[in-house]
Amino acid sequence: MAKTRFVSYLRVSTVRQGTSGLGLEAQRAAVAGFLNGGDWTLVEEVLEVESGKRNDRPALATALKLCRKHRATLVIAKLDRLARNVAFISNLMESGVEFVAVDMPQANRFVVHILAAVAEQEAEAISTRTKAALAAAKARGTKLGGRRVSAERFREIGAAARQVRSQKASQVRAELVPIITAVRATGASSLRAIAAELNAREIPTPRRAGEWSAVQVQRVME
């Protein structure tokens, strides 16, 4: 059970993933599931859109600064969200900031080094295979590269996608608030009690997957 201050660090590798939420919501849900039920404070959630191969990530630097300022622990959904680079992991561990990966919370520093080394090797192997496949396609005369859009059009697409997600979220919330209100009227006063009753009634969560948690109830009620 988590009992401390946390700074959540979420990373996606492309701008498209960042604007669409692809991969982001899964990370956020994993972190929320890890923290659920403990005596904890989430100082801030920090989002970065950057390749895992790069080490100069300003958002991560901000997250580490927040951790030092608030004496908080850096929490991530998966170890590979930090970096597929052994030297980077070593420098992070020497920074004095404690961190925990939700997918392996009990991993000690030795295990983290080993996993980082494996991830780094895997990344290099993927890169090699990708380059070989592209070279073979080019040799066959295949035109490489996808369709391009202007930066302005890309922003418009992103804004439209965010608006659709916002509308869907509002609709789901409008459906759930009356149900939660009715549950509270039965005497379930705490967030955890409300979540337990929603699960007992088999009410789907906003994402239609998994079970209700205190964090999810709070988000709907805010």
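If you're wondering where the values come from, they're calculated on a predicted model, not measured in any experiment.

(A) Up close: the overall build of the chain. Helix and strand content of the chain: eight helices and four strands. Ordered by position from N to C terminus, the α and β elements of the chain give β-α-α-β-α-β-α-β-α-α-α-α. A buried classification covers 32% of the 222 residues belonging to the chain. Considering only contacts within the chain whose residues lie at least 6 apart along the sequence, 67% involve residues at least 24 apart. A total of about 13900 Å² of accessible surface is found on the chain, and carbon and sulfur atoms cover 54% of it.

(B) Spatial organisation of the sheet that holds strand S3 (residues 73–76). Spatially, four strands are ordered S2-S1-S3-S4 in an open sheet, and the strand pairing comes out parallel. Each edge of the sheet is formed by a strand with only one pairing partner; in this case those strands are strand S2 (41–49) and strand S4 (99–101). Strand-to-strand twist of the sheet, defined as the mean angle between neighbouring strand axes without regard to direction, takes the value 25°. Across three bridges, the pairing between strand S1 (residues 5–12) and S3 is parallel. Pairing of serine 8 across the sheet is with valine 75, part of S3. Where helix H3 (residues 58–70) meets the sheet, its contacts fall on S1, S2 and S3, and the angle it forms with S2 comes to roughly 165°.

(C) Summary view of the environment of tyrosine 9. Within the secondary structure, tyrosine 9 is located in strand S1. Note on tyrosine 9: relative accessible area 0%, which makes it buried. Sequence spacing of tyrosine 9 and leucine 64 is 55 residues, and the spatial spacing of their C-alpha atoms is 9.3 Å. Within polar-contact distance, the side chain of tyrosine 9 engages the side chain of glutamate 48 at 2.9 Å.

(D) Looking closely at the nonpolar core. Core analysis: the biggest nonpolar cluster contains 18 residues, and Val7, Tyr9, Val46, Ala63, Leu64 and Leu74 have the highest contact counts within it. Contributions of two or more residues to this core are made by S1, H3, S3, helix H4 (86–93) and S4. Ranked by residues supplied to this core, first place goes to H3 with six residues.

(E) The arrangement of the UniProt feature "active site" (unreviewed entry) in the chain in detail. As annotated by UniProt and renumbered to match this structure, "active site" (unreviewed entry) occupies Ser13. Mapped onto the elements, serine 13 comes out in the loop between S1 and helix H1 (15–20). Assessed through its relative accessible area of 35%, serine 13 is described here as partly exposed.

(F) Examining the pattern of salt bridges more closely. Counted under the stated rule, the structure contains three salt bridges. In this structure, the salt-bridge partner of glutamate 25 is arginine 28, at a minimum N-O distance of 2.7 Å. Here glutamate 25 pairs with arginine 28, and both are found in helix H2 (residues 24–35), just three residues apart, close to one helical turn. As a salt-bridge pair, arginine 28 and glutamate 45 come within 2.6 Å of each other at their nearest N and O atoms. In this pair, arginine 28 sits in helix H2 while glutamate 45 sits in strand S2, placing the two residues 17 residues apart along the sequence. Residue class for arginine 28 comes out buried when judged on its relative accessible area of 16%. Overall, glutamate 45 belongs to the partly exposed group, its relative accessible area being 32%.

(G) Representation of the packing of aromatic side chains within the structure. The tally for this structure, following the rule as stated, stands at one aromatic pair. Taken together, a centroid distance of 6.2 Å and an interplanar angle of 90° make the contact between phenylalanine 6 and phenylalanine 34 edge-to-face. In this pair, phenylalanine 6 sits in strand S1 while phenylalanine 34 sits in helix H2, placing the two residues 28 residues apart along the sequence. In this structure phenylalanine 6 comes out as buried when scored by relative accessible area, which is 4%.

(H) Examining the confidence of the model for the chain more closely. Mean pLDDT over the chain works out to 77, with 76% of the residues at or above the 70 mark. Per-residue pLDDT stays below 50 along residues 15–22; that stretch engages in eleven contacts with residues further than four places along the chain or on separate chains.

(I) Quick peek at H3. With 13 residues, H3 should cover 18 Å at 1.5 Å per step; its first-to-last C-alpha distance of 18 Å lies within 8% of that length. Of the residues one or two after H3, arginine 71 is the one with positive phi, at around 55°.

Definitions and cut-offs
- By convention here, each chain's residues receive numbers from 1 onward along its written sequence.
- It should be noted that, the model being predicted, local features are given only for residues of pLDDT at least 70 and side-chain atom pairs only at 80 or more, the latter also being counted only at that level, while totals for whole chains, interfaces and linings use all residues.
- Hydrogens and water molecules were not included; the side-chain quantities draw on all heavy atoms of the structure.
- Only DSSP runs of H or I with at least four residues qualify as helices, and only runs of E with at least two residues qualify as strands; both kinds are numbered from the N terminus onward.
- To sort residues, take the accessible area from a 1.4 Å probe on protein chains only and compare it with the maximum for the residue type: under 20% means buried, over 50% means exposed, and anything in between is partly exposed.
- Whether two residues are in contact is decided by their heavy atoms: any pair within 4.5 Å suffices.
- Note on areas: Shrake-Rupley, 1.4 Å probe, and residue coverage restricted to the protein chains presented here.
- When DSSP locates at least two bridges between a pair of strands, those strands are taken to pair.
- To obtain each axis, a line is fitted to C-alpha atoms, and for helices this fit is confined to the stretch in contact; angles are then taken between N-to-C directions over 0 to 180 degrees.
- In the analysis that follows, any N or O atom pair within 3.5 Å is treated as a polar contact, provided that within protein one partner can donate a hydrogen and the other can accept it, and provided that, for residues neighboring in sequence, both atoms belong to side chains.
- Note on terminology: a nonpolar core comprises buried Ala, Val, Leu, Ile, Met, Phe, Trp, Tyr and Cys residues joined through side-chain atoms within 4.5 Å.
- UniProt positions are given in the numbering used here, feature names are shortened, and annotations may be inferred rather than shown by experiment.
- For this analysis, a salt bridge means a side-chain nitrogen from Lys or Arg found within 4 Å of a carboxyl oxygen belonging to Asp or Glu.
- For Phe, Tyr and Trp, rings pair up if their centres lie within 6.5 Å, where Trp contributes its six-membered ring, and each pair is then called stacked (planes under 30 degrees apart), edge-to-face (over 60) or tilted (otherwise).
- pLDDT gives the predictor's per-residue confidence on a scale running from 0 to 100.
- In this analysis, the expected span of each helix is defined as 1.5 Å times one less than the number of residues it contains.

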